[in-house]
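Read off the chains here:
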Amino acid sequence: MKYFLTTAIDFVNSRPHLGTAYEKVTADVIARYRRLAGFDTHFLMGNDEHSQNVFRKAVEQGKDPLAYCDEMEVVFRDVWKRLDISFDDFIRTSDARRHKPAVQKMAQECLDNGDIYEGSYEGFYCVGCEAFKQEKDLVDGNCPIHNTKPQWIKEKNWFFRLSKYQQPLLKHYEENPSFIEPDIRRNEILRLVEGGLEDISMSRAGQSWGIPVPFDPTSVVYVWFDALINYAAAVGYGWDDERFNQWWPASLHIVGKDITRFHCVIWPAMLMSAGVALPKQVFGHGWVYFKGERMSKTMGNIVDPLDAAERFGPDPLRLYLTKEIPYGGDGDFTWERFEEKYNADLANNLGNLVNRVAAMTERYQQGTIRSAGGGPLAAIAAENVATYKASMDVHALHEGAAAAFRLISAANNYIAETQPWALAKDPATADRLNGVLADTAEAVRIAAVMLSPVMPASATEILRRLGDSSPASLRRLDQDTAWRASGEKQILNAGALWPRIEADKGVVTVTDETPKPTETVVVVPPVADPAAPVAPAASAAPEVPAMITIDDFMKIQLKVGKVLEAERMPKSQKLLKLKVDAGEAEPRTILAGIAESYAPEDMVGKTIVIVANLAPRKMMGLESNGMVLAASPEGGAAIVLNVEPAAPGTRVR
Ligand code: MSP
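Presented here is an overview of the structure given in this document. Quantities reported herein were computed from a predicted structural model and do not represent experimental measurements.

Reading the values: rules and limits
- Residues numbered from 1 in each chain as written.
- Predicted model: local features only at pLDDT ≥ 70, side-chain atom pairs only at ≥ 80, totals over all residues.
- Heavy atoms only, no water.
- Near = heavy atom within 4 Å.
- Polar contact = N/O pair within 3.5 Å; in protein donor to acceptor, adjacent residues only side chain to side chain.
- Areas by Shrake-Rupley, 256 points an atom, 1.4 Å probe, with all protein chains shown as cover.
- Helix = DSSP H or I, 4+ residues; strand = E, 2+ residues; numbered from the N terminus.
- Core = buried A, V, L, I, M, F, W, Y, C linked by side-chain atoms within 4.5 Å.
- Buried < 20%, exposed > 50% of the residue type's maximum accessible area, 1.4 Å probe, protein only.
- Contact = heavy atoms within 4.5 Å.
- Pairing = 2+ DSSP bridges.
- Phe/Tyr/Trp six-rings, centres within 6.5 Å; stacked < 30°, edge-to-face > 60°.
- Salt bridge = Lys/Arg side-chain N within 4 Å of Asp/Glu carboxyl O.

## So, the site of the ligand
Here is step 1: Around the ligand sit 24 residues, and of these Ile 9, Glu 23, Asp 48, Gly 256 and Asp 258 come closest.
Here is step 2: Between Ile 9 and the ligand, the recorded distance is 2.8 Å, taken from a backbone N or O atom to a nitrogen atom.
Here is step 3: In this structure, an oxygen atom belonging to the ligand sits 2.5 Å away from a side-chain N or O atom of Glu 23.
Here is step 4: The fraction of the free accessible surface of the ligand (650 Å²) that becomes covered by protein chains is 93%.
Here is step 5: At the level of elements, β2 (10-11), α1 (18-36), α7 (223-228), α8 (230-234) and β13 (252-256) are the ones that each hand at least two residues to the shell around the ligand.

Below is the structure:
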């Protein structure tokens, strides 16, 4: 089955930014998913060059416009490559071999069908939008998108009879309910078209930068009429019928919400006029804002996607854009939130899981896993794989990614529950230990396949560590997300995939500090055990400042821990010795001054919060590295803070 997928082609008057990258990344996720699902996929991207802004930019730089566009092609391709965008074809609107004949053919067909006529245009034109504006669209006389005054122009134009297509378009929307997605865009377009359509200008007079109108060499084709045709041009329209018939109609156009109407109204009307089949679907995604603001040069808040890609590789950014923004809705990006999600999803959850499985398999079974054990993870995997497929099939990319992460969290919890480190102590439970490790590794493998469209390089690396080095192109959704109960594998313990990001005075640094599998003693102050010989504490409690900064707070590493075991400390009335899973390779042993409030069995199974980076401190011969958080009433017994079940190791803030 064929799947022909396109993105909007970008204006090249500036470099790609996070917003344009968002579109390409999410389209790439869809393209990779379709390939994984076995579709013969063709993924097209490109550059939109015949805009006045592009022309001006070239002139400003003293360059020939075409030479300027050649340079920009290199810039765009380079950014897309670094973001691991797997496009199959890249078209430019200055392409004289493919694009020019296509545009001229379509203009001619529309003319021949009586849908193009000569007239004169008088009105506003916004060069930023490259669009004619009606007075009612302006805010205080300005274009609301660019906040600039549109030009008043009066020129001879060729018009396209868009008004004629109002009813055919409405009929098409009705008969093809999934033509426009998501619903919010469909409703916008329905309202717009129901309100009536005016004919549009399809040429600009007296300009040289553009494709000449075939029946009027004094004019060039209007940039939008020109640009929309790229989708058909790239696959042969006007220059290779056989190729065109092979790929057309397009399966999906991915475009931003600001340009949905060009793709859902003007483009299908042009195709109807030219007698060409309509694309199957247009998906209008939302916008990414930076701290709630539109990214713009004047605001000085343009986020360069390469900043993130260069620091962490493309995958953490790809994951953020896919998972944190419901596809179809708007989303926000801040570096703080990006780092928070990186630490939560990658450093603590997925990365930690991969490390734990590999480290334990190495330590307990010399790196070898025998056939899987048939524990509860198989059913959890099947359920999440089903949700994943159903979501990805309808472009709910965020839900697909979330399903993969539910499986990852379940695998982490499974380790906490089954305690492989305890099983490893008893030779009688060797088979059970192998079963736990095998099941967990199998869950990780399936999650990696599910995430492969989102994080292609990371998925390949995880699969390699799990003993599967086959090329990505050979993976197949159904067979590779099915639970494999047998098969010996060699697991590679190759270190942290995603070291935690530590925020340090607003400057982000990546540390390679990974939690050490040490025995840790955590104490709840101020309920100290009088029986316990405590290392000399600071002479007086430090004064608590009335106010601290977020940076001060972020120095404290609070983590979710799950209490696995608890026992009374001999010779102590106040201390319980806890074994806590804090998402590390091995559980921590924690001494907490809570024995007066809790019996050991009360504590087992609780999900608590610990301070994970407190300086070590010796108590009763054991070293204390942190604390259990508890409410500590004056003179009363400690009340341990419980949290809703969350994956051990999850950062608390
Ligand atoms: N050249 C036209 C598209 C022609 S398609 C036949 C154009 N170019 S653009 O460079 O301005 O935008 C390219 C794509 O990026 C559009 O789909 C647009 O919606 C999208 N985005 C631009 N800024 C964006 C965000 N901040 N967030 C998400 N997408 C954004 O329009």
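## A look at the nonpolar core
Here is step 1: Counting residues in hydrophobic clusters, the biggest one holds 101 residues, and the most contacted among them are Trp 80, Leu 83, Phe 333, Leu 350 and Ile 462.
Here is step 2: Ranked by residue count, the leading element in this core is helix α17 (residues 430-451), at 13 residues.
Here is step 3: Apart from the residues lying within four places of it in its own chain, the contact partners of Leu 83 are Ala 21, Val 25, Pro 305, Ala 309, Pro 314, Leu 317 and Arg 318.
Here is step 4: Counting 68 residues, the second largest nonpolar core, distinct from the first, contains Ile 200, Val 221, Val 223 and Tyr 237.

## A short note on the sheet that holds strand β11 (residues 212-213)
Here is step 1: The antiparallel open sheet is built from three strands, whose spatial order is β10-β12-β11. Each edge of the open sheet carries a strand with a single partner, namely β10 (203-205) and β11.
Here is step 2: Where β11 lies against strand β12 (residues 216-221), two bridges are found, and the strand directions are antiparallel. Of the residues in β12, the one forming a bridge with Val 213 is Asp 216.

## Quick notes on the packing of aromatic side chains
Here is step 1: One pass over the structure, following the stated rule, counts 30 aromatic pairs.
Here is step 2: Measuring from ring centre to ring centre gives 5.2 Å for Phe 312 and Tyr 342, while their planes differ by 45°; the resulting arrangement is tilted. Taken together, the residues span a long stretch of sequence, with Phe 312 in helix α11 (residues 305-312) and Tyr 342 in helix α13 (residues 335-365) at a distance of 30 residues.
Here is step 3: What makes Tyr 342 buried here is its relative accessible area of 4%.

## Some points on the pattern of salt bridges
Here is step 1: Considering all chains together, one arrives at 43 salt bridges under this definition.
Here is step 2: Residue Arg 15 pairs with Asp 304 through a salt bridge whose shortest N-O separation is 3.8 Å. With Arg 15 in the loop between β2 and α1 and Asp 304 in the loop between β15 (288-290) and α11, this pair connects stretches of sequence that are 289 residues apart.
Here is step 3: Taking the relative accessible area as the measure of exposure, Arg 15 reaches 39% and is therefore partly exposed.
Here is step 4: For Asp 304, a relative accessible area of 23% translates into the label partly exposed.
Here is step 5: Where Arg 82 meets Glu 310, a salt bridge forms, and the shortest distance between an N and an O atom there is 2.7 Å. Here the residue Arg 82 occupies a position in helix α3 (residues 65-82), and Glu 310 occupies one in helix α11, the gap between them amounting to 228 residues.
Here is step 6: For Arg 82, a relative accessible area of 39% puts it in the partly exposed group.
Here is step 7: What makes Glu 310 exposed here is its relative accessible area of 54%.
Here is step 8: Taken together, the salt bridges that share partners define one network made up of Lys 323, Glu 324, Arg 337, Glu 340, Lys 341, Asp 345 and Arg 653.

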